[in-house]
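Spelled out, the chains give:
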Amino acid sequence: MSKMHVSASVNGEPVEFLCEPQQSLLNVLRDELNLTGTKEGCTTGDCGACSVMLDDRLVCSCLTLAAEVQGKSVGTIEGVANGDTLHPIQQALLEHAALQCGVCTPGYVVAIKALLEKNPLPSESEIRYWLAGNLCRCTGYDKIITAVQDVAQQMAKADKNAGEPA
Amino acid sequence: MSEAVNFKYIGTRPVRPDGVDKVTGRANYGADANLPGMIHGVVLRSPHAHAIIKKIDLSQVRLLDGIYAAVSGNDFPEVSSGSMGGEGGGDYKDLAANIMARNKVLYHGHAVAAVAARTRELAVEALALIQVEYEILDPVMTLDAAMAEDAAILDESMFTQGVDPKPKYPSNIASRIEFKRGDIEQGFLEADIIVESEFRTPTVHQGYIEPHACLASINEGGQATLWCSTQGHFDVRAASAKVLNMDLCDIKVIPSEIGGGFGGKTVVYQEPVAILLSRISGRPVKMVMDRDEVFRASGPASASHTRVKIGARSDGTLTAMSCWMAFEAGAFKGSAIMPGAMCIFTPYKVANFYIEGFDVVVNKPKVAAYRAPGAPQAMYACESLMDELARKLEMDPLELRLVNAVEEGVQAAYGPKFNAIGFRECLEVAKQHPNYTRALKEGQGRGVAAGFWFNVGMQSSAEVHINENGTVMVIEGNPDIGGSRASMALMAAETLGVPYEKVRVVVADTENAGYTNVTGGSRVTFATGMAVIQAAQDIISQAKQRAAATWELDEDQVDWQNGHAIPMPGVNADVEPLSLARIAANSGRTGGPLLGRASLNAKGAGPGFSVNIAEVAVDRETGKTDVIGFTAIQDAGKAIHPAYVEGQLQGGAAQGIGWALNEEYIYDEKGVMQNAGFLDYRIPVASDLPKIDTHIVEVANTAHPYGVRGVGETPIVAPLAAVANAVRDAIGVRITELPLSPSRVLESIDGA
Amino acid sequence: MGSFAYAAPDNLADALAVLEQHKNAGQRIQIFAGGTDVLVQLKAGDSEPRTFLDVKNIRETQTISLKGDSAFIGATIVCAQLYENLALKEMFPGLIESADLIGSTQIQGKATLGGNLCNASPAGDTIAALYANKAICMIAGKSGSRELPVEDFVTGVGRNALKPGEILLGLKLPKPNANTSDAYLRFIPRTEMDIAVVGAGVSITLDDEGVCVDATVAISAVAVTTLLVPEAAQALIGSSVDEVALQAAAQASSAAARPISDKRGTKEFRRKVVGVLTRRAALIAANRVKGEAE
Ligand code: FES
Ligand code: FES
């Protein structure tokens with residue numbers, strides 16, 4: 001079997017890898033690029049643990065062929081914090097105790113970030129529907145939703161003060 | 001501990017010590033470990049629910065390029081019968097046969113062989129080359145079918161335990177249990193009103209998001225190292241040793257972070273297989289279940305059938321309670337019938353009760369513990385019928401429970417006398433709660449139910465090491481499944497009087513922590529917490545000795561306050577208080593490092609009571625139920641980290657709501673599960689749920705230094721009946737079988 | 001055993017050539033758009049090696065055009081692009097809703113309108129809405145292009161009318177006039193993430209008096225393909241979409257349904273609820289024409 005050569009950008013850095021034509025992006029991220037922060041809960045698009053950004057869209061990396069990302073940019077959980085500073089979303093999840101086992105958390109961070117980029121001040125119902133594809137079996141979602149509401153407010157305030165997007 | 005205590009750290013809500021790694025993707029879960037030269041193991045699973053294995057031929061697959069090892073049941077040693085203990089219970093012989101079938105397959109998905117190959121894909125492909133000859137038997141898929149006279153028998157050597165005289169014929173009923181008190185017939189005679197009904201609940205799964213995963217590596221000397229996601233690495237060690245006939249000291253188990261378990265990761269599935277494949281191949285072997293395997297071959301929790309009868313006087317006083325309950329154990333004996341029976345009537349003072357229970361095998365995966373194992377099924381039945389009783393009596397359902405609620409000094413149905421418990425307090429809070437009285441609209445309904453779980457203690461070990469600068473390392477052996485590192489750090493900080501930020505908690509492997517039972521039974525904050533406190537107290541007494549030596553005082557002339565050694569009041573010594581940091585810095589001169597330790601078998605786990613209020617809206621044209629409000633009230637004894645206690649209440653509520661409304665294993669007539677994925681095994685998603693309001697009641701558990709009682713399991717007990725009672729309220733019809741799926745609800749509405 | 005391959009040509013001619021090549025060589029090729037169904041199938045049994053022909057780099061499949069009297073939506077436009085397009089949302093609120101219902105946010109970032117249609121699930125959410133809007137499939141092949149009404153495109157469970165060598169480029173929808181609107185509703189046990197147990201798409205045209213002069217009703221997950229229910233449409237036409245007409249339409253849908261019982265719902269449930277959804281969707285569509293709040 002001949003492998004395909006793919007060049008893409010992952011978390012802002014150019015990356016090249018070899019993959020099988022039928023191999024999923026999740027598989028390549030975890031097994032070839034050692035980016036194990038992206039989790040596997042189902043491989044059928046039903047849990048959201050594998051959420052990543054593909055260009056400007058939130059997608060399931062388990063339902064994306066690695067070959068598809070040729071020339072595109074991929075954003076994973078590993079690229080969310082800025083140097084040694086947590087992203088406000090990460091900080092908010094921690095402060096609200098919005099994770100128990102934490103295996104769903106990377107997917108949430110990526111999905112919440114995508115949400116707030118599109119809709120900086122979502123309603124509770126908008127948050128819940130946006131995140132309906134991210135299963136969490138531990139928390140009952142309550143504290144995750146509260147954390148999102150809280151961080152949305154904070155980020156909006158910070159934006160206003162800074163006069164430019166964070 | 002009835003007086004209010006002012007704590008400095010306990011009761012605060014700091015960020016958990018392992019938090020940053022978990023929000024950045026750095027934390028390593030079961031499937032995240034890799035080793036050089038690693039190969040991948042996968043399992044061949046039975047396509048039949050019930051069959052005899054006539055022959056397994058691995059010769060072809062062994063020849064395939066890139067295949068390093070292939071095994072079937074024949075490659076495992078014989079394992080003799082013996083009780084496993086722990087939360088799930090069970091027998092080692094059954095465990096071995098569950099891990100890899102011998103002679104017979106007992107459920108669709110039962111492991112029959114395993115191969116290890118260069119890649120997972122290759123291993124999966126290779127499975128097709130394994131030839132298995134089966135003789136297909138009738139699948140036994142329900143309690144009714146299994147208990148029928150002419151049922152196909154899963155295990156010809158199984159004779160019902162607990163019946164007299166000993167039965168002559170084998171049966172699918174593994175055992176019968178009975179609890180009673182008083183005179184049940186008399187009790188019903190004393191009743192002004194008697195209600196009875198029967199209830200059924202389906203097979204459900206714990207639904208942890210992280211599939212089972214492990215990595216095993218064994219060296220030429222036969223010493224194995226196992227990385228895995230588990231609720232109890234000491235139990236993994238014990239089970240693997242037993243199944244592979246190895247010595248405990250030859251297996252080191254390193255627990256990864258764990259992506260949920262809820263009882264389902266107290267059991268071993270792939271670990272011994274991975275070790276065996278590693279031994280044969282000489283390479284590290286990784287095994288990760290896919291979601292389909294998780295559903296078909298791990299978990300689930302028992303389906304149940306319960307008939308309940310309750311008698312009461314017209315003032316609501318209960319005179320008699322009786323039940324007949326049967327739980328599916330899955331392929332091997334050992335359902336949670338015992339704890340279910342121990343819980344069912346426990347919240348109530350009743351002089352006469354009778355409980356009969358049956359543990360029944362069926363052709364489904366062997367059940368595993370699921371959060372308060374047995375209690376949700378049992379109390380769904382009791383609490384639904386209590387609701388009917390309240391309706392018949394035209395009594396407020398909380399009032400009915402208050403009239404009968406157990407309290408301190410009452411002898412529990414399962415034996416001991418209650419110490420201080422918070423059931424009444426929970427009921428009072430519920431009664432006053434605005435969510436109990438707010439107006440509902442047409443088509444909406446409200447239901448309440450009580451929950452109970454006795455909680456357990458068991459064995460724990462802990463060490464506290466003081467670094468040379470006075471910072472604190474807590475070493476313990478319970479995988480942190482929901483923030484327990486934070487609780488341990490808070491209790492250590494409180495005891496030692498050092499800031500929370502100066503404490504680090506390590507969940508150590510089987511070679512670096514003292515023996516500790518599983519993370520389960522709501523025991524960690526209670527029992528391991530107690531060990532941590534005692535280990536910290538050990539440090540304090542050592543620190544006081546060092547200070548006494550420094551000051552040339554007697555030991556009993558030194559006190560410990562706010563992280564400092566000080567002379568006892570009245571001791572005349574002109575000395576500055578010595579901080580833990582100072583003492584640590586000088587420890588080389590005063591006798592060496594400070595190292596505290598404790599090990600214990602914790603007694604006095606405080607029972608956990610809860611009251612839940614569910615509010616629902618039912619669409620009468622489609623039968624769909626929306627939960628529009630949910631309130632969880634529970635006695636935590638003392639909430640060490642209240643946010644994580646709330647999280648337990650909320651998470652348990654969500655699981656219970658799922659159980660009530662949508663979750664169930666759906667089988668075809670051949671015994672093949674039809675919905676082995678998160679698409680059709682419908683756990684609640686974020687948009688399905690409302691905010692879950694919580695109220696923590698704190699009636700201190702006198703057996704714990706800080707008053708802790710376990711909180712992890714009770715939260716899943718009450719929601720089933722709370723939701724069912726709310727639906728009853730909304731539609732005016734009682735549905736006695738879960739889940740309350742739209743078709744079932746619509747049928748009931750249309751049939752009414 | 002053959003092997004897997006992946007090709008993502010950036011123009012139609014190349015894509016058609018790849019198809020032709022495989023056809024002539026007798027090799028299996030599967031057209032690939034969002035991949036959200038294909039990767040699940042790959043996992044759940046159909047692991048036969050084949051070539052994936054990714055068609056989303058082809059300009060035609062990536063176009064949305066609202067010029068002239070019909071709208072064109074490229075086959076590989078993802079659901080999220082559909083509901084982010086306000087002009088489209090205004091024009092076909094029901095169709096856009098149906099795209100918004102598919103899977104999760106993550107799925108909607110990849111799943112395409114064309115993929116949903118070609119996958120031809122009896123429960124496909126957008127399919128009933130496309131039926132209701134009288135969509136025309138625009139198909140390209142080596143020997144030129146052809147058009148096919150959407151109800152002729154879907155031929156069975158997972159089957160469509162594409163011949164080997166053909167590609168679905170997109171869908172052409174007649175633009176509704178000011179008195180026409182649509183709605184799509186589906187029933188699922190949860191609020192999200194499920195496959196439709198039943199669905200109903202309705203398009204309605206009212207005259208100035210509020211009398212229904214045209215209607216299309218399509219129902220899904222109650223037969224091997226999405227069904228058009230002319231009887232339900234007839235029940236609405238000529239009425240002021242009042243309760244009597246709505247009930248009649250509901251009954252017509254229930255009567256037309258040929259459901260089965262499976263893990264997602266029983267026959268009886270589907271038959272009843274498809275009527276309920278028909279009534280509710282018709283009412284929403286009518287109210288939309290009238291500009292009334294829902
Ligand atoms: S692993 Fe991709 S959605 Fe579950
Ligand atoms: S915290 Fe465990 S699944 Fe979300």
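Definitions and limits used
- Residues numbered from 1 in each chain as written.
- Chains lettered and ligands numbered in written order.
- Predicted model: local features only at pLDDT ≥ 70, side-chain atom pairs only at ≥ 80, totals over all residues.
- Heavy atoms only, no water.
- 1 Å grid on protein atoms, 1.4 Å probe; cavity = no way out; pocket = protein on both sides within 12 Å on 5 of 7 lines; lining within 4 Å.
- Points joined across faces, edges and corners; volume = space filled by probe spheres on them.
- Helix = DSSP H or I, 4+ residues; strand = E, 2+ residues; numbered from the N terminus.
- Nonpolar A, V, L, I, M, F, W, Y, C, P; charged D, E, K, R; others polar.
- Domains from an automatic or database assignment.
- Axes fitted to C-alpha atoms, helices over the stretch in contact; angles between N-to-C directions.
- Parallel < 35°, antiparallel > 145°, perpendicular 65-115°, else oblique.
- Contact = heavy atoms within 4.5 Å.
- Buried area = accessible area lost by both parts, 1.4 Å probe.
- Salt bridge = Lys/Arg side-chain N within 4 Å of Asp/Glu carboxyl O.
- Polar contact = N/O pair within 3.5 Å; in protein donor to acceptor, adjacent residues only side chain to side chain.
- Core = buried A, V, L, I, M, F, W, Y, C linked by side-chain atoms within 4.5 Å.
- Buried < 20%, exposed > 50% of the residue type's maximum accessible area, 1.4 Å probe, protein only.
- Pairing = 2+ DSSP bridges.
- Right-handed = clockwise from strand over helix to strand, strands pointing away.
- Phe/Tyr/Trp six-rings, centres within 6.5 Å; stacked < 30°, edge-to-face > 60°.

Asker: Any details on empty space enclosed by the protein? Residues and values, ideally.
Answerer: Considering all chains together, one arrives at 8 cavities of 30 Å³ or more under this definition. The computed volume of the largest cavity comes to approximately 540 Å³. Together, 33 residues line the largest cavity, and I481(B), T519(B), S522(B), Q648(B) and G712(B) are the ones closest to its centre. Among the secondary structure elements, those contributing two or more residues to the lining of the largest cavity are helix 15 (484-496), helix 16 (524-551) and helix 19 (642-661) of chain B. When residues of the lining of the largest cavity are assigned to their parent elements, the largest contribution, 3 residues, is made by helix 19 of chain B. Split into classes, the residues belonging to the lining of the largest cavity amount to 11 nonpolar, 16 polar and 6 charged. In this structure, the lining of the largest cavity is formed jointly by two domains, domain 1 (2-26 + 457-602) and domain 3 (387-455 + 606-751) of chain B, each of which donates at least three residues. When its volume is computed, the second largest cavity comes out at roughly 170 Å³. T625(B), L661(B), N662(B), D688(B) and P189(C) are, among the 19 residues lining the second largest cavity, the residues nearest its centre. Mapped onto the lining of the second largest cavity, the elements with two or more residues apiece are strand 25 (625-635) and helix 19 of chain B.

Asker: Residues and numbers for the packing of helix 5 (residues 93-101) of chain C against helix 8 (residues 125-132) of chain C, please.
Answerer: Helix packing geometry: the angle between the two helix axes and the distance between the axes. Residues and elements named next belong to chain C. Contact pair helix 5 / helix 8: the axes reach a minimum separation of 8 Å and the direction vectors enclose 170 degrees. The pairing of helix 5 with helix 8 is recorded here as roughly antiparallel in orientation. Across the interface between the two elements, G94, L95, S98, A99 and L101 of helix 5 pack against D125, T126, A129 and L130 of helix 8. Tallied by class, the residues present in the contact of helix 5 with helix 8 amount to 5 nonpolar, 3 polar and 1 charged.

Asker: Describe the domain arrangement of chain A, naming the residues involved and giving the relevant values.
Answerer: All names here are of chain A. Here the domain parsing of chain A yields domain 1 (4-79) and domain 2 (88-163). Between domain 1 and domain 2, the C-alpha centre-to-centre distance is 22 Å. Counting residues at the interface gives 14 residues for domain 1 and 13 residues for domain 2. Summing both partners gives a buried area of about 980 Å² for domain 1 against domain 2, and 65% of it is carried by carbon and sulfur. Looking at the side of domain 1 facing domain 2, the largest losses of area belong to C47, L58 and I77, adding up to 42% of the total buried there. Counting the contacts that link domain 1 with domain 2 gives 0 salt bridges. Here domain 1 and domain 2 share 3 residue pairs in polar contact (both at pLDDT 80 or more) between them. Counting residues per element, the side of domain 1 that touches domain 2 draws most heavily on strand 3 (residues 51-54), at 3 residues. Looking at the side of domain 1 that touches domain 2 residue by residue, the class counts come to 6 nonpolar, 4 polar and 4 charged.

Asker: Account for the nonpolar core, naming residues and giving values.
Answerer: Formed by 200 residues in total, the largest nonpolar core has its most connected members in L93(A), M321(B) and L389(B). Among the elements that line this core, the one with the most residues is helix 11 (residues 375-393) of chain B, at 11 residues. Excluding its chain neighbours within four sequence positions, the residues that come into contact with L93(A) are A98(A), L99(A), T105(A), V109(A), I112(A), I144(A), A147(A) and V23(B). Core analysis: the second largest hydrophobic core is formed by 74 residues, A8(A), A111(C), A129(C) and V150(C) among them.

Asker: Which residues make up the pairing of strand 10 (residues 224-228) of chain B, and what values do they have?
Answerer: It is a general feature of regular strands that their side chains alternate between the two faces of the sheet. Residues and elements named next belong to chain B. Of the two faces of strand 10, the one holding A224, L226 and C228 is buried and the one holding T225 and W227 is not buried anywhere. Sheet topology note: the strand 9 (residues 213-218)/strand 10 ladder contains 5 bridges and is antiparallel. Along strand 10, the bridge assignment pairs L215 with W227. Connecting strand 9 to the antiparallel partner strand 10 that follows it, the hairpin turn spans 5 residues, and G222 within it adopts a positive phi of roughly 85 degrees. With 5 bridges connecting them, strand 10 and strand 11 (residues 251-255) associate as parallel partners. Paired with C228 across the strands is P255, a residue of strand 11. Read as a crossover between parallel neighbours, the route from strand 10 over helix 7 (residues 233-244) to strand 11 is right-handed.

Asker: Tell me about the packing of aromatic side chains, residues and numbers included.
Answerer: Residues and elements named next belong to chain B. Under the defined criterion, the tally for this structure stands at 23 aromatic pairs over all chains. When the centroid spacing of 5.5 Å and the interplanar angle of 90 degrees are considered together, the rings of F7 and Y706 count as edge-to-face. In this pair, F7 sits in the segment before helix 1 (19-23) while Y706 sits in the loop between strand 26 (692-697) and helix 20 (719-731), placing the two residues 699 residues apart along the sequence. A ring pair is formed by F452 and F609, whose centres lie 4.9 Å apart and whose planes are at 40 degrees; its orientation type is tilted. With F452 in strand 16 (residues 444-453) and F609 in strand 24 (residues 608-618), this pair connects stretches of sequence that are 157 residues apart.

Asker: Talk me through the interface of chain B and chain A; I want residue IDs and the actual numbers.
Answerer: Taken together, the contact pairs 52 residues of chain B with 43 residues of chain A. Of the roughly 3,900 Å² buried where chain B meets chain A, counting both sides, 56% is carbon and sulfur surface. Area buried by chain B at its contact with chain A is led by V23(B), I209(B) and K691(B), which between them contribute 19% of it. Run the count over chain B and chain A and you get 5 salt bridges. In this structure, the salt-bridge partner of D142(A) is K691(B), at a minimum N-O distance of 3.8 Å.

Asker: Tell me about the sheet that holds strand 2 (residues 29-32) of chain C, and please be specific about residues and values.
Answerer: Strands belonging to one sheet form pairs held by backbone hydrogen bonds; the direction of such a pair is parallel or antiparallel. Residue and element names in this part refer to chain C. A sheet is described by the order of its strands in space; here 3 strands give the open sequence 1-3-2, paired in parallel fashion. Strands at the two margins of the open sheet, each flanked by one partner only, are strand 1 (5-7) and strand 2. Between one strand axis and the next, the sheet turns through 20 degrees on average, direction left out of account. The pairing of strand 1 with strand 3 (residues 51-54) spans 3 bridges and is classified as parallel. Bridge assignment links A5 to a residue of strand 3, and that residue is T51.

Asker: Tell me about unusual backbone geometry, and please be specific about residues and values.
Answerer: The omega torsion across D164(B) and P165(B) is -5 degrees, close enough to zero to call that bond cis. You can see P165(B) is positioned in the loop between helix 5 (143-147) and strand 7 (173-181). The omega angle of the peptide bond from L738(B) to P739(B) is -5 degrees, so this bond is cis rather than trans. Not every positive phi belongs to a glycine, and N11(A) is a case in point at roughly 50 degrees. Structurally, the position occupied by N11(A) is in the loop between strand 1 (4-10) and strand 2 (13-19). The backbone of A372(B) sits at a positive phi, close to 55 degrees, despite the residue not being glycine. Take A372(B): it is sitting in the loop between strand 15 (353-361) and helix 11. Residue A372(B) is classed as buried on the basis of its relative accessible area, which comes to 0%.

Asker: Give a detailed account of the interface of chain B and chain C, specifying residues and quantitative values.
Answerer: Contact with chain B, which involves 24 residues of that partner, is made by 20 residues of chain C. Together chain B and chain C conceal approximately 2,000 Å² of surface at their shared face, both sides included; 51% is due to carbon and sulfur atoms. Sorting the residues of chain B by area buried against chain C places E621(B), K624(B) and R682(B) first, and these three jointly supply 28% of that buried surface. Across the contact surface, chain B and chain C share 8 salt bridges.

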